[in-house]
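Overview (structure and organization)
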Amino acid sequence: MQPPTPPIPEELTLVVDGLTYAGLASGPVDAPPILALHGWQDNANSFLQLARALPDVRLVALDLSGHGLSGHRSTDATYQIWDDLPQLVGVLDALGWAQCAVLGHSRGAIIATLLAATQPERVHTLITLDSMLPRPAKDEDFAKTLRAFLKDRAALLNRSPRQYATEQDFVARRSRMGEPPLVSTVLAERALKPCDDGFVHRNDPRHNGASAVRMNAQQCISVLKTLSMPVLNIWATPRKGLEDDIALQRALIAEHMPDVTTVDIPGHHHWHMEPEPAEQIATAIRQFLV
(Lines give C-alpha, C1' and ligand atoms only; values in the text may rest on other atoms or scores of the structure.)
Protein backbone atom coordinates (compact mmCIF):
# COMPACT_ATOMS: atom_id res chain seq x y z
CA MET A 1 0.00 0.00 0.00
CA GLN A 2 1.30 3.46 -0.95
CA PRO A 3 1.71 5.91 1.94
CA PRO A 4 -0.85 8.72 1.95
CA THR A 5 0.06 11.81 -0.07
CA PRO A 6 0.99 14.61 2.31
CA PRO A 7 -1.42 17.55 2.21
CA ILE A 8 -0.40 20.62 0.22
CA PRO A 9 0.65 23.43 2.58
CA GLU A 10 -1.72 26.38 2.82
CA GLU A 11 -0.61 29.76 1.51
CA LEU A 12 -0.56 32.31 4.29
CA THR A 13 -0.49 36.11 4.10
CA LEU A 14 -0.19 38.40 7.09
CA VAL A 15 0.28 42.18 7.22
CA VAL A 16 2.24 43.44 10.22
CA ASP A 17 3.23 47.11 10.60
CA GLY A 18 2.23 47.62 6.99
CA LEU A 19 4.68 44.95 5.79
CA THR A 20 3.35 41.85 4.04
CA TYR A 21 4.62 38.46 5.17
CA ALA A 22 3.81 35.44 3.02
CA GLY A 23 4.34 31.87 4.08
CA LEU A 24 3.20 28.27 4.12
CA ALA A 25 1.23 26.60 6.90
CA SER A 26 1.02 22.83 7.33
CA GLY A 27 -0.26 20.39 9.91
CA PRO A 28 -3.36 20.44 12.15
CA VAL A 29 -4.31 23.90 13.38
CA ASP A 30 -4.56 22.60 16.95
CA ALA A 31 -1.17 20.85 16.88
CA PRO A 32 1.91 22.18 18.71
CA PRO A 33 3.01 25.33 16.82
CA ILE A 34 6.43 25.87 15.26
CA LEU A 35 7.50 29.06 13.47
CA ALA A 36 10.14 28.30 10.82
CA LEU A 37 12.61 30.92 9.53
CA HIS A 38 14.65 30.25 6.39
CA GLY A 39 18.20 31.22 5.49
CA TRP A 40 19.72 33.99 3.38
CA GLN A 41 18.34 34.15 -0.19
CA ASP A 42 16.01 31.19 0.55
CA ASN A 43 12.26 31.16 1.21
CA ALA A 44 9.48 29.19 2.89
CA ASN A 45 9.81 26.34 0.38
CA SER A 46 13.04 25.35 2.09
CA PHE A 47 10.93 23.72 4.83
CA LEU A 48 8.67 21.64 2.58
CA GLN A 49 10.46 18.35 3.26
CA LEU A 50 10.65 19.01 6.98
CA ALA A 51 6.94 19.88 7.10
CA ARG A 52 6.14 16.53 5.43
CA ALA A 53 8.33 14.76 7.96
CA LEU A 54 6.61 16.53 10.88
CA PRO A 55 2.90 15.98 10.17
CA ASP A 56 1.91 16.23 13.83
CA VAL A 57 2.91 19.85 14.35
CA ARG A 58 1.48 23.11 13.04
CA LEU A 59 4.46 24.44 11.12
CA VAL A 60 4.30 27.96 9.69
CA ALA A 61 7.24 28.73 7.41
CA LEU A 62 7.56 32.41 6.52
CA ASP A 63 9.17 34.20 3.62
CA LEU A 64 11.20 36.71 5.61
CA SER A 65 11.00 40.34 4.49
CA GLY A 66 12.63 40.93 1.13
CA HIS A 67 12.45 37.22 0.26
CA GLY A 68 10.02 35.14 -1.78
CA LEU A 69 6.46 36.44 -1.80
CA SER A 70 6.90 38.73 1.22
CA GLY A 71 7.14 42.49 0.87
CA HIS A 72 10.32 44.52 0.56
CA ARG A 73 11.24 46.98 3.25
CA SER A 74 11.02 50.70 2.49
CA THR A 75 13.99 52.52 1.00
CA ASP A 76 14.94 54.04 4.36
CA ALA A 77 14.90 50.64 6.12
CA THR A 78 17.55 47.93 6.40
CA TYR A 79 17.82 44.14 6.51
CA GLN A 80 19.85 43.66 9.68
CA ILE A 81 19.40 40.30 11.44
CA TRP A 82 17.27 42.03 14.10
CA ASP A 83 15.07 44.07 11.77
CA ASP A 84 12.39 41.37 11.43
CA LEU A 85 12.03 40.90 15.18
CA PRO A 86 9.19 43.40 15.83
CA GLN A 87 7.17 42.00 12.94
CA LEU A 88 7.82 38.39 13.99
CA VAL A 89 6.26 39.20 17.36
CA GLY A 90 3.34 40.64 15.37
CA VAL A 91 3.16 37.45 13.32
CA LEU A 92 2.84 35.41 16.53
CA ASP A 93 0.04 37.75 17.63
CA ALA A 94 -1.73 37.43 14.27
CA LEU A 95 -1.48 33.63 14.43
CA GLY A 96 -2.92 33.67 17.96
CA TRP A 97 0.16 31.90 19.36
CA ALA A 98 0.85 32.86 22.95
CA GLN A 99 3.87 30.55 22.86
CA CYS A 100 5.57 28.39 20.25
CA ALA A 101 8.77 26.68 19.24
CA VAL A 102 10.95 28.57 16.78
CA LEU A 103 12.98 26.73 14.16
CA GLY A 104 15.61 28.51 12.07
CA HIS A 105 18.09 27.58 9.36
CA SER A 106 21.33 29.48 8.73
CA ARG A 107 20.56 33.25 8.84
CA GLY A 108 17.07 32.27 10.01
CA ALA A 109 18.67 30.37 12.90
CA ILE A 110 20.45 33.55 13.99
CA ILE A 111 17.20 35.51 13.80
CA ALA A 112 15.41 32.73 15.70
CA THR A 113 18.08 32.90 18.42
CA LEU A 114 17.66 36.66 18.77
CA LEU A 115 13.87 36.25 18.91
CA ALA A 116 14.16 33.60 21.63
CA ALA A 117 16.65 35.68 23.63
CA THR A 118 14.42 38.76 23.58
CA GLN A 119 11.02 37.06 23.79
CA PRO A 120 11.45 34.11 26.19
CA GLU A 121 7.82 34.43 27.25
CA ARG A 122 6.76 33.71 23.66
CA VAL A 123 9.42 31.16 22.58
CA HIS A 124 9.35 28.02 24.73
CA THR A 125 11.79 26.02 22.55
CA LEU A 126 14.57 27.02 20.15
CA ILE A 127 15.74 24.72 17.34
CA THR A 128 18.58 25.80 15.08
CA LEU A 129 19.81 24.19 11.86
CA ASP A 130 23.49 24.59 10.94
CA SER A 131 23.97 27.96 12.65
CA MET A 132 23.04 29.92 15.75
CA LEU A 133 25.30 32.96 15.90
CA PRO A 134 26.75 35.41 13.39
CA ARG A 135 30.50 35.40 12.90
CA PRO A 136 31.72 37.72 15.69
CA ALA A 137 33.04 41.03 14.44
CA LYS A 138 36.20 42.68 15.70
CA ASP A 139 35.55 45.85 17.68
CA GLU A 140 38.14 47.75 15.67
CA ASP A 141 36.25 47.01 12.43
CA PHE A 142 33.13 48.98 13.41
CA ALA A 143 33.75 52.02 11.17
CA LYS A 144 35.01 49.83 8.33
CA THR A 145 31.84 47.74 8.46
CA LEU A 146 29.60 50.82 8.53
CA ARG A 147 31.47 52.31 5.57
CA ALA A 148 30.96 49.10 3.56
CA PHE A 149 27.25 49.21 4.37
CA LEU A 150 26.89 52.78 3.10
CA LYS A 151 28.79 51.96 -0.07
CA ASP A 152 26.70 48.85 -0.78
CA ARG A 153 23.44 50.61 0.07
CA ALA A 154 24.11 53.32 -2.51
CA ALA A 155 24.97 50.70 -5.12
CA LEU A 156 22.05 48.36 -4.43
CA LEU A 157 19.18 50.71 -3.56
CA ASN A 158 18.09 51.26 -7.14
CA ARG A 159 19.53 48.12 -8.68
CA SER A 160 17.02 46.09 -10.68
CA PRO A 161 16.48 42.52 -9.52
CA ARG A 162 18.46 39.88 -11.42
CA GLN A 163 16.68 38.39 -14.42
CA TYR A 164 16.88 34.86 -15.81
CA ALA A 165 15.80 33.61 -19.22
CA THR A 166 14.67 30.30 -17.72
CA GLU A 167 14.27 28.68 -14.34
CA GLN A 168 17.19 26.44 -15.24
CA ASP A 169 19.43 29.50 -15.50
CA PHE A 170 18.51 30.32 -11.90
CA VAL A 171 19.24 26.74 -10.84
CA ALA A 172 22.54 26.76 -12.73
CA ARG A 173 23.68 30.01 -11.13
CA ARG A 174 23.10 28.75 -7.60
CA SER A 175 24.65 25.41 -8.52
CA ARG A 176 27.84 27.20 -9.58
CA MET A 177 28.09 28.44 -6.01
CA GLY A 178 28.19 24.85 -4.79
CA GLU A 179 24.50 24.27 -4.11
CA PRO A 180 22.82 21.00 -5.14
CA PRO A 181 20.34 21.59 -8.02
CA LEU A 182 17.49 20.21 -5.90
CA VAL A 183 17.77 23.19 -3.54
CA SER A 184 17.37 25.95 -6.12
CA THR A 185 14.75 23.94 -8.02
CA VAL A 186 12.55 23.82 -4.90
CA LEU A 187 13.18 27.48 -4.08
CA ALA A 188 12.49 28.71 -7.64
CA GLU A 189 8.71 28.62 -7.26
CA ARG A 190 8.74 31.43 -4.68
CA ALA A 191 12.03 33.04 -5.71
CA LEU A 192 11.14 33.81 -9.33
CA LYS A 193 8.42 35.96 -10.88
CA PRO A 194 7.53 35.58 -14.58
CA CYS A 195 8.27 38.60 -16.77
CA ASP A 196 8.36 39.34 -20.49
CA ASP A 197 11.94 38.18 -20.89
CA GLY A 198 11.73 35.13 -18.62
CA PHE A 199 11.89 35.47 -14.85
CA VAL A 200 12.91 38.11 -12.35
CA HIS A 201 14.32 37.33 -8.91
CA ARG A 202 11.82 38.45 -6.27
CA ASN A 203 14.38 38.89 -3.47
CA ASP A 204 15.39 42.45 -2.60
CA PRO A 205 18.89 43.14 -4.02
CA ARG A 206 19.76 44.93 -0.77
CA HIS A 207 20.18 41.51 0.87
CA ASN A 208 23.46 41.26 -1.03
CA GLY A 209 24.95 44.25 0.76
CA ALA A 210 27.12 44.47 3.85
CA SER A 211 25.49 44.78 7.27
CA ALA A 212 25.65 48.18 8.91
CA VAL A 213 26.58 46.74 12.31
CA ARG A 214 27.81 43.29 13.22
CA MET A 215 27.68 41.68 16.66
CA ASN A 216 30.99 41.25 18.46
CA ALA A 217 31.97 38.20 20.52
CA GLN A 218 30.79 39.64 23.83
CA GLN A 219 27.37 40.44 22.37
CA CYS A 220 27.09 36.89 21.00
CA ILE A 221 27.96 35.51 24.43
CA SER A 222 25.38 37.81 26.04
CA VAL A 223 22.68 36.40 23.75
CA LEU A 224 23.68 32.82 24.59
CA LYS A 225 23.59 33.50 28.32
CA THR A 226 20.14 35.08 28.00
CA LEU A 227 18.52 31.97 26.50
CA SER A 228 16.42 30.31 29.17
CA MET A 229 14.44 27.74 27.13
CA PRO A 230 15.50 24.28 25.89
CA VAL A 231 17.75 24.62 22.84
CA LEU A 232 18.47 22.04 20.15
CA ASN A 233 21.39 22.62 17.75
CA ILE A 234 21.42 20.40 14.65
CA TRP A 235 24.58 20.61 12.56
CA ALA A 236 25.41 19.55 9.01
CA THR A 237 28.88 18.71 7.71
CA PRO A 238 30.85 22.00 7.63
CA ARG A 239 31.39 23.43 4.18
CA LYS A 240 34.96 23.60 2.95
CA GLY A 241 36.50 26.84 4.12
CA LEU A 242 33.99 27.34 6.95
CA GLU A 243 35.29 24.66 9.31
CA ASP A 244 37.04 27.17 11.59
CA ASP A 245 34.00 29.50 11.71
CA ILE A 246 31.67 26.64 12.64
CA ALA A 247 34.16 25.32 15.22
CA LEU A 248 34.37 28.77 16.85
CA GLN A 249 30.60 29.11 16.94
CA ARG A 250 30.15 25.67 18.44
CA ALA A 251 32.86 26.33 21.01
CA LEU A 252 31.11 29.52 22.17
CA ILE A 253 27.81 27.65 22.44
CA ALA A 254 29.34 24.75 24.37
CA GLU A 255 31.14 27.09 26.79
CA HIS A 256 28.25 29.39 27.55
CA MET A 257 25.27 27.02 27.16
CA PRO A 258 26.24 23.77 28.92
CA ASP A 259 22.68 22.42 28.72
CA VAL A 260 22.30 22.73 24.95
CA THR A 261 21.37 19.55 23.07
CA THR A 262 23.57 18.98 20.03
CA VAL A 263 22.95 16.60 17.12
CA ASP A 264 25.20 16.06 14.10
CA ILE A 265 23.60 14.79 10.89
CA PRO A 266 25.91 14.40 7.87
CA GLY A 267 25.04 16.40 4.78
CA HIS A 268 25.38 19.75 3.03
CA HIS A 269 24.20 23.11 4.38
CA HIS A 270 20.70 22.73 2.87
CA TRP A 271 20.37 19.08 3.83
CA HIS A 272 17.02 19.69 5.50
CA MET A 273 15.54 20.06 2.00
CA GLU A 274 16.37 16.46 1.02
CA PRO A 275 14.06 13.57 2.03
CA GLU A 276 16.48 11.32 3.96
CA PRO A 277 18.26 13.96 6.06
CA ALA A 278 14.92 15.72 6.62
CA GLU A 279 13.59 12.52 8.20
CA GLN A 280 16.64 12.33 10.47
CA ILE A 281 16.26 15.99 11.44
CA ALA A 282 12.53 15.47 12.08
CA THR A 283 13.31 12.49 14.30
CA ALA A 284 15.74 14.58 16.34
CA ILE A 285 13.14 17.33 16.68
CA ARG A 286 10.38 14.92 17.72
CA GLN A 287 12.60 13.33 20.35
CA PHE A 288 13.57 16.74 21.67
CA LEU A 289 10.00 18.03 21.86
CA VAL A 290 8.70 15.01 23.81
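Our structure's up above, just so we're on the same page.
Residues numbered from 1 in each chain as written. Predicted model: local features only at pLDDT ≥ 70, side-chain atom pairs only at ≥ 80, totals over all residues. Heavy atoms only, no water.

**Here's the deal with empty space enclosed by the protein**
Tallied over the entire structure, the rule returns 1 cavity of 30 Å³ or more. Considered as a void within the structure, the largest cavity measures approximately 40 Å³ in volume. Together, Pro9, Leu24, Ser26, Ala44, Phe47, Leu48, Ala51, Leu59 and Ala61 line the largest cavity. Going through the elements one at a time, β2 (19-26), α1 (48-53) and β4 (58-62) are the ones with two or more residues in the lining of the largest cavity. (1 Å grid on protein atoms, 1.4 Å probe; cavity = no way out; pocket = protein on both sides within 12 Å on 5 of 7 lines; lining within 4 Å. Points joined across faces, edges and corners; volume = space filled by probe spheres on them. Helix = DSSP H or I, 4+ residues; strand = E, 2+ residues; numbered from the N terminus.)

**Focus: the side chain of serine 70**
Relative to the elements of secondary structure, serine 70 occurs in the loop between β4 and α2 (85-95). Within the structure, serine 70 has its side chain in polar contact with the backbone nitrogen of alanine 22 (distance 2.8 Å). (Polar contact = N/O pair within 3.5 Å; in protein donor to acceptor, adjacent residues only side chain to side chain.)

**What about the environment of leucine 85?**
Examined against the element boundaries, leucine 85 turns out to sit in helix α2. In the structure, leucine 85 is positioned 65 residues away from leucine 150 in sequence and 23 Å away in space, judged by C-alpha atoms. Sequence-distant contacts of leucine 85, that is, excluding residues within four places in its chain, are made with Ile111, Leu114, Leu115 and Thr118. (Contact = heavy atoms within 4.5 Å.)

**Let's talk about the pattern of salt bridges**
Counted under the stated rule, the structure contains 10 salt bridges. Across the pair aspartate 42 and arginine 174 runs a salt bridge whose closest N-O atoms are separated by 2.9 Å. Residue aspartate 42 is located in the loop between β3 (33-37) and α1, and its partner arginine 174 is located in helix α5 (residues 167-176); the two are separated by 132 residues in the primary sequence. According to the relative accessible area criterion, arginine 174 is buried, its value standing at 9%. (Salt bridge = Lys/Arg side-chain N within 4 Å of Asp/Glu carboxyl O. Buried < 20%, exposed > 50% of the residue type's maximum accessible area, 1.4 Å probe, protein only.)

**Quick notes on the packing of α5 against helix α6 (residues 181-191)**
For the pair α5 and α6, the least separation of the axes is 9 Å and the interaxial angle reads 130 degrees. Taken together, α5 and α6 sit at an angle that is classed as oblique. With respect to the hand of their crossing, α5 and α6 are arranged in right-handed fashion. Contacts from Glu167, Phe170, Val171, Arg174 and Ser175 in α5 reach Pro181, Val183, Ser184, Thr185, Leu187, Ala188 and Ala191 in α6. Considering only residue class, the contact of α5 with α6 consists of 7 nonpolar, 3 polar and 2 charged. (Axes fitted to C-alpha atoms, helices over the stretch in contact; angles between N-to-C directions. Parallel < 35°, antiparallel > 145°, perpendicular 65-115°, else oblique. Left-handed = near helix turned anticlockwise from the far one by under 90°. Nonpolar A, V, L, I, M, F, W, Y, C, P; charged D, E, K, R; others polar.)

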